[in-house]
Amino acid sequence: MDETVPTLVTGQASTDAVMDQITNVYIWDMDETLILLKSLLDGSYAGSFDGLKDRDKSVDIGKRWENLILEVCDEHFFYEQIENYNQPFLNALSEYDDGKDLTAYDFEADCFSSPYDDVSKRKLAYRHRAIGEKYAKKLFDNNAHKLLEEAIGKSSATPTAYSSSINCIVTSGSLIPSLAKCLLYRLDDVVSSENVYSSWEVRKLQCFKWIKERFDGPNVRFCVIGDGPEECSAAQVMKWPFIKIEFRPDGPHRFPGLDMPTIQNYMDVIYESSGKDG
Ligand SMILES: [Mg+2]
């Protein structure tokens, strides 16, 4: 990474700065990495604190989150209609979307059924577009959140002049509930809806390849952060740095302990050993 400070008064220097600008693409796992849910529900989170945390309360909190997620899915994201038609990302069917104005569109009356013909796929694409618009409008106004803000340079903790950043989520959960989780856990302003991927059917490696296709370039660096073996081995295949999240109190990386300098160190080790262009 070129750390020289260019002379900003000359046009040449600022052009060089743009040319040298590094884009960091952070690929986050969701469950038990950015948010706790399963480990609340099964008691493993509370259990790992050796009696210091109340297991029943954790299960209760988990159930309340679960109910809220389902409520958002059903009331705002057409989940009862589209539950069985999971797509790996929100724009997956955009080629079927003719761009029709959906302001007065009646989603209850369009007789949406199985999305195996083009007409049904278009109706599903409409729903996905409507979900993306609702997500962007924020239906609603944590430690992980602060780090994600830093990752995309919202916080002054990260120098932004010569780098820009993108957050993606790749989760093994299905897409629509994952988008609902992003809204409920207030991740929506640091992860845009089109950057959320569901690896449910396609596996994480495939999602990582799609992300590489979308964002790859000469100064682009990728980093995977997650708690599971699948994202670890997929990151190895891609030759990307992987940071393992561990919620147990003696784990090396857990929120709020993980910070941007640690993530940068991991990326520097991998990318500087393999050459600047990674
Ligand atoms: Mg996980």
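The numbers attached to residues start from 1 for each chain and follow its sequence in the written order. In keeping with the model being predicted, local features are shown solely for residues with a pLDDT of at least 70 and side-chain atom pairs are shown and tallied solely at 80 or more, while totals for entire chains, interfaces and linings include all residues.

As recorded in an unreviewed UniProt entry, the protein chain goes by the name protein-tyrosine-phosphatase, listed as coming from Eragrostis curvula. UniProt positions are given in the numbering used here, feature names are shortened, and annotations may be inferred rather than shown by experiment. Turning to the protein chain, the UniProt record has this under Catalytic activity (unreviewed entry): "O-phospho-L-tyrosyl-[protein] + H2O = L-tyrosyl-[protein] + phosphate".

### Examining the overall build of the protein chain
The helix and strand tally for the protein chain stands at 11 helices and 5 strands. Three exposure classes are used, based on other C-beta atoms lying within 10 Å of a residue's own C-beta, which is placed from the backbone: buried for 20 or more, exposed for 12 or fewer, and partly exposed in between. Evaluated residue by residue, the protein chain yields a buried proportion of 33% over its 278 residues. Starting at the N terminus, helices and strands are each numbered in turn, a helix being any DSSP run of H or I of at least four residues and a strand any DSSP run of E of at least two.

### Overview of the UniProt feature "active site" (unreviewed entry) in the protein chain
According to UniProt, the feature "active site" (unreviewed entry) maps to Asp29 and Asp31 in the numbering used here. Within the secondary structure layout, Asp29 lies in the loop between β1 (22-28) and α2 (38-41). By the criterion used throughout, residues are in contact when their C-beta atoms, derived from the backbone, lie within 7 Å. Aside from chain neighbours lying at most four places away, what touches Asp29 is Val170, Thr171, Ile225, Gly226, Asp227, Gly228 and Glu231. Tracing the sequence through the fold places Asp31 in the loop between β1 and α2. In this view, Asp31 contacts Leu37, Lys38, Thr171 and Gly173; residues no more than four positions away in its chain are not counted.

### Here we look at the confidence of the model for the protein chain
Confidence of the predictor in every single residue is expressed as pLDDT, which spans 0 to 100. Chain-level statistics for the protein chain give a pLDDT mean of 86 and a share of 83% at 70 or above. Here residues 1-14 is modelled with pLDDT under 50, and outside its nearest four sequence neighbours on either side it reaches 10 contacts, counting other chains as well. Confidence drops under pLDDT 50 across residues 156-160; counting only partners more than four residues distant or on other chains, this segment forms 6 contacts.

### Observations concerning the pairing of strand β4 (residues 220-226)
Where burial is concerned, most of β4 is hidden: 6 out of the 7 residues are buried. In short, DSSP must find at least two bridges between two strands for them to pair. Of the pairings in the sheet, the one linking β1 to β4 comprises 6 bridges and is parallel in character. In the sheet register, Thr23 faces β4, and the bridge partner there is Val220. In this fold, β4 hands off to helix α10 (residues 229-238), which returns the chain to strand β5 (residues 242-244); that crossover is right-handed. Assignment of crossover handedness uses the view with strands pointing away from the viewer, where a clockwise path from the first strand over the helix to the second indicates a right-handed crossover.

### Re the UniProt feature "binding site: Mg(2+)" (unreviewed entry) in the protein chain
UniProt records the feature "binding site: Mg(2+)" (unreviewed entry) for Asp29, Asp31 and Asp227 in the present numbering. Among the residues examined, Asp31 registers 18 C-beta atoms within 10 Å and is labelled partly exposed.

### What to know about helix α4 (residues 55-76)
The end-to-end C-alpha separation of α4 is 31 Å, in line with the 32 Å expected for 22 residues at 1.5 Å each. Within two residues after α4, Phe78 carries a phi angle of roughly 55°, on the positive side. By this rule, a helix spans an expected 1.5 Å times one less than how many residues it contains.

### Focus: the nonpolar core
What makes a nonpolar core is a set of buried Ala, Val, Leu, Ile, Met, Phe, Trp, Tyr and Cys residues, with links drawn between C-beta atoms within 7 Å. In this structure, Ile27, Phe77, Cys168, Leu179, Val196 and Cys223 are the most contacted members of the largest nonpolar core, which totals 57 residues. Here this core takes 6 residues from helix α8 (residues 175-184), the largest share from any one element. An automatic or database domain assignment supplies the residue ranges for each domain. The residue makeup of this core includes at least three contributed by each of domain 1 (11-35 + 142-273) and domain 2 (44-137). Ignoring anything within four residues of it in the chain, the contact list for Ile27 reads Cys168, Val170, Phe208, Ile211, Phe222, Cys223 and Val224.

### Re unusual backbone geometry
Its identity as a non-glycine residue notwithstanding, Asp50 has a phi of 55°, on the positive side. Relative to the elements of secondary structure, Asp50 occurs in the loop between α3 (44-47) and α4. Despite not being glycine, Lys239 has its phi angle at roughly 60°, a positive value. Topologically, Lys239 is positioned in the loop between α10 and β5. Taking the number of C-beta atoms within 10 Å as the measure of exposure, Lys239 has 11 and is therefore exposed.

### Here's the deal with the sheet that holds β1
Ordered in space as β3-β2-β1-β4-β5, the 5 strands form an open sheet in which the pairing is parallel. At either end of the open sheet lies a strand with only one pairing partner, and these are β3 (196-198) and β5. Neighbour-to-neighbour, the strand axes of the sheet open up by a mean angle of 20°, direction not taken into account. When β4 meets β5, the two strands line up parallel, connected through 3 bridges. By the bridge assignment, Ile225 is partnered in β5 with Ile243. The strands touched by helix α11 (residues 260-273) within the sheet are β1, β4 and β5, with β4 carrying the most contacts at an inclination of about 125°. Lines fitted to C-alpha atoms define the axes, with helix axes restricted to the stretch in contact, and inter-axis angles between N-to-C directions lie between 0 and 180 degrees.

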